[in-house]
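Residue-level structural notes
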Amino acid sequence: MEKARLWLVAVGLVWCLIVTTCDAIESPQYSVVHSESEFEIRLYRDSAWMTAPVKEISFEKATRDGFHRLFQYIQGANLNSSRVSMTAPVLTSIVPEAGPLHSSAYLVRFYLPIKFQATPLLPLPELNLKPDSWTSHCVAVRKFSGFARNSNIAREAEKLAISLSRSSWANSTSSKSKYAYSIAQYNSPFRFIGRLNEVWVDIYGSETDGSNGIATY
């Protein structure tokens, strides 16, 4: 337990140092194709991520476990022994009934910097990480503040579902997606004010066809 605490402190301090010493850290690029007060629809471009699968009942424990392995990877635990710049967000996807006793399992993802998008560095085998290529697709996004916890993520996801059900996107959520939803976290665990988190849900259907981005990031 003490080792876990010390590791969390070390990771948090490194993350804080990265964020405060860089003008900006890289994030996946997207265009906003629809925006309302409670959610927006983003069109994400093709992208490459490194993924840590975790079979764990707790969202918080799963995110810590997955990010621990991903952090080792970006600190040089890859076949090239190369360091990888920190990016945002750290994305935790909930996979229904894939965990212990038919509970949820999780995929914790790290967005690879542009330098490694075409040729991701291969992780050391013992980390049990897998490269993951995303094709361009739309995502419904709801922002929320504070810390993402076991106690609030499902509530935030439900709020997004209600907002979508009242909009023209009601029938556009993907029945083919293997993830119930994902939680995107943008801040170091040592940032207590002005935190940004998001709920992501994959969107498909005719509403996304031919949409023009109103803002590109």
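Conventions we followed
Residues numbered from 1 in each chain as written. Predicted model: local features only at pLDDT ≥ 70, side-chain atom pairs only at ≥ 80, totals over all residues. Heavy atoms only, no water. UniProt positions renumbered as here; feature names shortened; annotations may be inferred. Helix = DSSP H or I, 4+ residues; strand = E, 2+ residues; numbered from the N terminus. Buried < 20%, exposed > 50% of the residue type's maximum accessible area, 1.4 Å probe, protein only. Contact = heavy atoms within 4.5 Å. Salt bridge = Lys/Arg side-chain N within 4 Å of Asp/Glu carboxyl O.

The name an unreviewed UniProt entry assigns to the protein is SOUL heme-binding protein, from the organism Escallonia herrerae. What UniProt records for the protein under Sequence similarities (unreviewed entry) is the sentence "Belongs to the HEBP family."

The next point concerns unusual backbone geometry. Residues other than glycine predominantly adopt negative phi, and peptide bonds predominantly adopt the trans conformation. Residue Pro89 is bonded to the preceding Ala88 through a cis peptide linkage, with omega at 5°. Assignment of secondary structure puts Pro89 in the loop between helix 2 (59–74) and strand 4 (90–95). Backbone geometry places Ser81, a non-glycine residue, at a positive phi of 55°. Relative to the assigned elements, Ser81 resides in the loop between helix 2 and strand 4. Backbone geometry places Asn128, a non-glycine residue, at a positive phi of 55°. Mapped onto the fold, Asn128 is located in the loop between strand 5 (105–111) and strand 6 (130–134).

Quick look at the side chain of Asn152 now. With respect to the helices and strands, Asn152 occurs in the loop between strand 7 (137–144) and helix 3 (153–165). For Asn152, a relative accessible area of 11% translates into the label buried. When near neighbours in sequence (up to four residues on either side) are disregarded, Asn152 contacts Phe144 and Phe147.

This next bit is on the pattern of salt bridges. Going through the model one piece at a time under the given rule, you end up with seven salt bridges. For Lys159, the salt bridge identified is with Glu156, shortest N-O distance 3.9 Å. On the criterion of helical spacing, the pair formed by Lys159 and Glu156 is a turn pair, its members being three residues apart in helix 3. Exposure remark for Lys159: the relative accessible area of 35% places this residue in the partly exposed category. Owing to a relative accessible area of 9%, Glu156 belongs among the buried residues under this scheme. When salt bridges that share partners are traced, they join Glu40, Arg42 and Glu198 into one network.

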